[in-house]
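So you can see what is in the structure, the chains are spelled out below.
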Amino acid sequence: MTGFSGAAEGVVERLRDGMAGGVLSFPLTSFRDDGGLDLESYRTYLTAQLATAPGAVFPACGTGEFSALDEDEYRAVVEATVEIADGRLPVIAGIGYGWAQALRFARIAETAGADAALVLPHYLVEAPQDGLVEQLRRIAAGTRLPLIAYQRGPVAFTPDGLRRIAEIPTVIGLKDGHSDLDRLQRLTLVAPDGFLFFNGAATAEIQARAYATVGVPAYSSAVHAFAPEIADACFTALRDGDDATVNKLLAEFYVPLVELRDRVPGYAVSLVKAAARLRGLPVGPVRAPLTDPGPDDLAELEKILDHGLALAGAVGRPA
């Protein structure tokens, strides 16, 4: 069994319940055309997002352009999220960079009332397992927040590394963005009972069935940030074993979206924000170094989105 702290155990139970009932929401952060934070628009957008009952909400993470936020903006975003969530679902705030800076964000999130923190991959440098473990130990020593490690880019845990981070009482889980199912299966096999795993692949629905085969059915959904109807239709079909619906959604919506996403670096966020704007959601532009899609890509995105919404609307209707 895990040796979670008391507070961490409560968050684990809430997350486990949420993961069983819906996708994990990673909301966009709203900016004005001049680049400033638009907090009122974010509140309007997030209220609509949470009305769709996701399993948990992860503000100021990758989709929310964490790396583009200063500390005051970050505080405002997390505070607004906690207020709007109002205890209905767990709030897991993104933190990152080296451990010292990650701790600054963790303490802001803790004061703002977040339930836990997602430790985003550190900046630039490669690091051995000892360093990856020590990074989490240092963060855990400086905050009471339960922590979820995120392996992606330069962060990749070995089974021994996973065992070691799982011994930290406030480290409750691992989000995987590498999609190396061989490695991930080895990690799940050595993890203690109760340790949480999340599918954090880009456009995670594409690989959701594959992840589930190694014991990781829960996933984050970037599509939920702009089309909860599509995300929920796919989640329901996956949960119910409705392969025909899953295949249709993947083939006719998710795969075309991914093919468009892969054309330009940064489109994993830029396209999501553009799709939200197409739906009239008040999210504004991305911040540099990301760029918004041009007219041709935007027109293609609109066709993909319209078709996806039509497919989601058809789910459950008589043939």
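Draft legend 1. Spotlight on the overall build of the protein chain. The number of helices and strands found in the protein chain is 12 helices and eight strands. Expected size for 319 residues packed as a compact globule is a radius of gyration near 20 Å; at 19 Å, the protein chain falls within 12% of this value. Each of the 319 residues in the protein chain was classed as buried or not, and the buried ones make up 52%. Counting only contacts in the protein chain whose residues sit at least 6 apart along the sequence, the fraction spanning at least 24 positions is 74%. In the structure as shown, the protein chain presents an accessible area of about 13100 Å², 53% of it carried by carbon and sulfur atoms. Averaging the locations of the 28 positively and 41 negatively charged side chains of the protein chain gives two centres separated by 2 Å.

Draft legend 2. Summary view of the pattern of salt bridges. Throughout the structure, instances matching the rule amount to 21 salt bridges. One salt bridge connects R14 with D115, and the closest N-O pair in it is separated by 3.3 Å. Here D115 lies in the loop between α4 (99–112) and β4 (116–119) and R14 lies in helix α1 (residues 6–21), a separation of 101 residues in the sequence. By relative accessible area, R14 is classed as partly exposed at 30%. With a shortest N-O distance of 2.7 Å, E65 and K273 are connected by a salt bridge. With E65 in the loop between β2 (56–57) and α3 (71–85) and K273 in helix α11 (residues 267–278), this pair connects stretches of sequence that are 208 residues apart. The pair formed by E65 and K273 is uniform in burial state, with each residue classed as buried.

Draft legend 3. Up close: the pairing of β4. Every second residue of β4 is oriented toward a common face, with A116 and L118 on one face and A117 and V119 on the other, all of them buried. As paired strands, strand β3 (residues 92–95) and β4 are joined by four bridges and run parallel to one another. Paired with I92 across the strands is A116, a residue of β4. Direction of pairing for β4 relative to strand β5 (residues 147–151): parallel, over a ladder of three bridges. Looking at β5, one finds that L118 is bridged to I148. Handedness of the crossover joining β4 and β5 through helix α5 (residues 129–142): right-handed.

Draft legend 4. Just the pairing of strand β6 (residues 171–176), in detail. Most of β6 is tucked away: six of the six residues are buried. Pairing of β5 with β6 involves five bridges; the strand directions are parallel. Bridging from a neighbouring strand, Q151 pairs with D176 of β6. The parallel pair β5 and β6, bridged by helix α6 (residues 159–166), forms a crossover whose chirality is right-handed. Where β6 meets strand β7 (residues 196–199), four bridges bridge the pair, whose relative direction is parallel. Its bridge partner lying in β7, G173 is registered against L196. Note on the crossover from β6 through helix α7 (residues 181–190) to β7: the handedness is right-handed.

Calculation notes
- Residues numbered from 1 in each chain as written.
- Predicted model: local features only at pLDDT ≥ 70, side-chain atom pairs only at ≥ 80, totals over all residues.
- Heavy atoms only, no water.
- Helix = DSSP H or I, 4+ residues; strand = E, 2+ residues; numbered from the N terminus.
- Rg over C-alpha atoms; globule rule 2.2 N^0.38 Å.
- Buried < 20%, exposed > 50% of the residue type's maximum accessible area, 1.4 Å probe, protein only.
- Contact = heavy atoms within 4.5 Å.
- Areas by Shrake-Rupley, 256 points an atom, 1.4 Å probe, with all protein chains shown as cover.
- Lys, Arg positive; Asp, Glu negative; His and termini not counted.
- Charge placed at Lys NZ, Arg CZ, Asp CG, Glu CD.
- Salt bridge = Lys/Arg side-chain N within 4 Å of Asp/Glu carboxyl O.
- Pairing = 2+ DSSP bridges.
- Right-handed = clockwise from strand over helix to strand, strands pointing away.

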